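Coordinates in review
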Amino acid sequence: MMEENGKKMTLPIAFLIMLIIVAMIMTCIKTGVGIVVPLFLSWLVVYIFCRILGFDFDKVFGAGMDAFRKAGGAMTIMISVGFLVGAMISAGTIPAFIYYGLQIINPKIFLFCCVIITMIMALATGTSYGSAASAGIALMGVGEAMGMPSGMIAAAVLTGALFGDRISPLSDIPVLCSGLVDCDLFKNIRYSLWTSVPPLIISCIIFLVMGTSFGDSNYNATTVNVVLDTLSKNFIITPIALIPVVVVIILLIMKIPSVPAIFAGAVASALVAIFYQGHGAAQVFMNMYSGYKLQSGVAIVDKLLNRGGLTSMTTSIYILISAVTLGGMLDAIGVIGAFINPVIQKINSQFKVIAATMGTSLFINAIGSAAWLSNILTAKLMMPLYKQEDMEPEILARTMEDGYIFGTIIFPWHAMTIYFTGVLGCTWASYMPYLFFNYLTPIFTLAFAATGIGMYRRKKTAVAK
């Protein structure tokens, strides 16, 4: 933070700044303007208060740019995924997944299958991003063809992807959190099972019940047959069309970084589209840029496949730029510290430490719009308190990850929310009611903190007399 370069940030002023920004965002969303404009205008709010309080705006803005540069990887993934989706549809990969999925998966257990499939993929590859961008997209197509609400499918996909990512030793989330608090990675993952497995089990049961209800009343075999017939007329549906997604999965399992793996999948898709599906090279590249375009005469098929391309991610990229930069600037002038420091000073019990960690993670995610920023600041602020209460550092890492599960997808302007809604082709509001796993995780975290279940303290070494 940069408080020494200007007047010290006080809680009333910090509250006023946040009130103005939130009011701008809510007003614009309610009037249909969207979230991009108020987020960019919030930079002006920061500038005005910098002038009033005596902060050097150039340095504050520089801190915002530093925050954005650190989050630039997310934007690169968004761009690469846009290319991948446009190319995979051209290659017939996503149509083939939909085609085979409609024939194989029983609609009564479809939502449960979404959880299991994306969980296994995220666990094996260590990335919820890659899981959503490959299996997730295909499952969205299968479910929508069955007539299921897109938000319901997306929630099931995210449940599996986030759980698998959470407990995978290949994932950057447990690796980062373990490194920040200097604890053992596999011990952290083992402790994480306490607060993540019960919410997963309950979520799976709910999805099974919801799926049974859907299968009995909503499934329309005629619509499914029309979709199958339309897909087979417009694409060559064979296992060859699945090669691109196999390429992506293998590369991710081999620990190839997400961006090169996704781009490799896009190249493989382009080759299959040109040499197997018979598309012209120019058209395939155009699909990678502006998205696939199909006019089959069947509305549901056109809705499923008219997506992808770099341009489909532009709004998401704008939100990411504005939100993450704003978070960096607010941190630089001390807004985050003004809210959090008074609370930290009053903590004197195990439960309060856990609750404060969750609250801090949630607050920083809301302002900073980036999981990495939340984890870094939360670890820095909370480590002394865990030592004070003699709690093992793995408990701090676990609680930070619990905050990540809850806080990174409940805010429509957060980088992860932007990514998932863009990739899965649904709105934030549509999947929010079904994110049982994400809502239950902090409940179990706090319940275990209150009861002492699953809580571990440091082993004290005896002092020789």
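Residues numbered from 1 in each chain as written. Predicted model: local features only at pLDDT ≥ 70, side-chain atom pairs only at ≥ 80, totals over all residues. Heavy atoms only, no water.

1. Quick notes on the packing of aromatic side chains
Scanning all chains against the criterion turns up 13 aromatic pairs. Relative to Phe-420, the ring of Tyr-419 lies with its centre 5.5 Å away and its plane at 70°, an arrangement referred to as edge-to-face. Grouping residues by exposure puts Tyr-419 and Phe-420 together as buried. Here the aromatic rings of Phe-444 and Phe-448 are separated by 5.9 Å at their centres, their planes lie at 55°, and the arrangement is tilted. Of this pair, Phe-444 and Phe-448 both sit in helix H23 (residues 436–451), 4 residues apart, which is roughly one turn of that helix. (Phe/Tyr/Trp six-rings, centres within 6.5 Å; stacked < 30°, edge-to-face > 60°. Buried < 20%, exposed > 50% of the residue type's maximum accessible area, 1.4 Å probe, protein only. Helix = DSSP H or I, 4+ residues; strand = E, 2+ residues; numbered from the N terminus.)

2. Quick look at the packing of helix H7 (residues 128–146) against helix H21 (residues 415–424)
Interhelical geometry of H7 versus H21 gives an angle of 30° and a closest axis separation of 9 Å. On the basis of their axis angle, the class for H7 and H21 is roughly parallel. As H7 packs across H21, the resulting crossing turns out to be right-handed. Across from Ser-128, Tyr-129, Ala-132, Ala-133, Gly-136, Ile-137 and Met-140 in H7, the residues of H21 making contact are Met-416, Tyr-419, Phe-420, Val-423 and Leu-424. For the contact of H7 with H21, the residue count by class is 10 nonpolar, 2 polar and no charged. (Axes fitted to C-alpha atoms, helices over the stretch in contact; angles between N-to-C directions. Parallel < 35°, antiparallel > 145°, perpendicular 65-115°, else oblique. Left-handed = near helix turned anticlockwise from the far one by under 90°. Contact = heavy atoms within 4.5 Å. Nonpolar A, V, L, I, M, F, W, Y, C, P; charged D, E, K, R; others polar.)

3. Some remarks on the state of the cysteines
Throughout the structure, instances matching the rule amount to 0 disulfides. Free of any disulfide, Cys-114 has its nearest cysteine sulfur in Cys-113, 7.3 Å distant. What makes Cys-114 buried here is its relative accessible area of 0%. Cys-183 supplies the cysteine sulfur nearest to Cys-177, a cysteine that is in no disulfide, at a spacing of 8.5 Å. (Disulfide = S-S within 2.5 Å.)

4. Regarding the environment of Ile-300
Summarising the element assignment, Ile-300 is placed in helix H15 (residues 299–305). Ile-300 gets classed as partly exposed once you look at its relative accessible area, which sits at 24%. Measuring from C-alpha to C-alpha, the distance between Ile-300 and Val-226 comes to 9.6 Å, with 74 residues separating the pair along the chain.

5. Considerations on the pattern of salt bridges
Applying the stated criterion to the full structure yields 5 salt bridges. In this structure, Glu-401 and Arg-166 form a salt bridge, with 3.0 Å as the shortest nitrogen-oxygen distance. Taken as a pair, Glu-401 in helix H20 (residues 393–407) and Arg-166 in helix H8 (residues 150–167) lie far apart in primary sequence, 235 residues in all. Using a relative accessible area of 0% as the deciding quantity, one classes Arg-166 as buried. With a closest N to O distance of 3.0 Å, Lys-187 and Glu-392 form a salt bridge. Taken together, the residues span a long stretch of sequence, with Lys-187 in helix H10 (residues 185–217) and Glu-392 in the loop between helix H19 (371–388) and H20 at a distance of 205 residues. (Salt bridge = Lys/Arg side-chain N within 4 Å of Asp/Glu carboxyl O.)

6. A closer look at the side chain of Ser-128
Its location among the elements puts Ser-128 in helix H7. According to the relative accessible area criterion, Ser-128 is buried, its value standing at 2%. Of note is the side chain of Ser-128, whose polar atom sits 3.4 Å from the side chain of Asp-165. (Polar contact = N/O pair within 3.5 Å; in protein donor to acceptor, adjacent residues only side chain to side chain.)

7. Structural notes on helix H2 (residues 36–53)
For H2, which comprises 18 residues, the first-to-last C-alpha distance of 26 Å matches the rise-based estimate of 26 Å (1.5 Å per residue) to within 8%. Among the residues of H2, those classed as buried are Val-36, Pro-38, Leu-39, Ser-42, Trp-43, Val-45, Val-46, Phe-49, Cys-50 and Leu-53. Looking one or two places after H2, you find Gly-54, whose phi comes out positive at around 90°. (Expected span 1.5 Å × (residues − 1).)

8. With respect to the side chain of Thr-118
Secondary-structure assignment places Thr-118 in helix H6 (residues 110–125). Overall, Thr-118 belongs to the buried group, its relative accessible area being 0%. A polar contact of 3.3 Å, which involves the side chain of Thr-118, links it to the backbone oxygen of Val-115. Separated by 3.4 Å, the side chain of Thr-118 and the backbone nitrogen of Ala-161 make a polar contact. Not counting chain neighbours up to four residues away, the residues in contact with Thr-118 comprise Ser-131, Ala-135, Gly-136, Leu-139, Ala-156, Val-157, Gly-160 and Ala-161.

9. Describing the packing of helix H13 (residues 258–275) against helix H14 (residues 281–290)
Contact geometry of H13 with H14 gives a least axis separation of 9 Å together with a crossing angle of 145°. Here the hand of the crossing between H13 and H14 comes out right-handed. Judged by residue contacts, Ala-266, Ala-270, Ala-273 and Ile-274 of H13 engage Ala-281, Val-284 and Met-288 from H14. Partitioning the contact of H13 with H14 into residue classes produces 7 nonpolar, no polar and no charged.

10. Notes on the confidence of the model for the protein
Of all residues in the protein, 93% attain a pLDDT of 70 or more, and the chain-wide mean is 83. Note on residues 460–465: pLDDT is under 50 here. Beyond four places in sequence and across chains, it has 1 contact. (pLDDT = per-residue confidence, 0-100.)

11. Side note on the environment of Val-245
Examined against the element boundaries, Val-245 turns out to sit in helix H12 (residues 243–253). If we skip the residues at most four places from it in the chain, Val-245 touches Met-88, Thr-93, Phe-97 and Ser-134.

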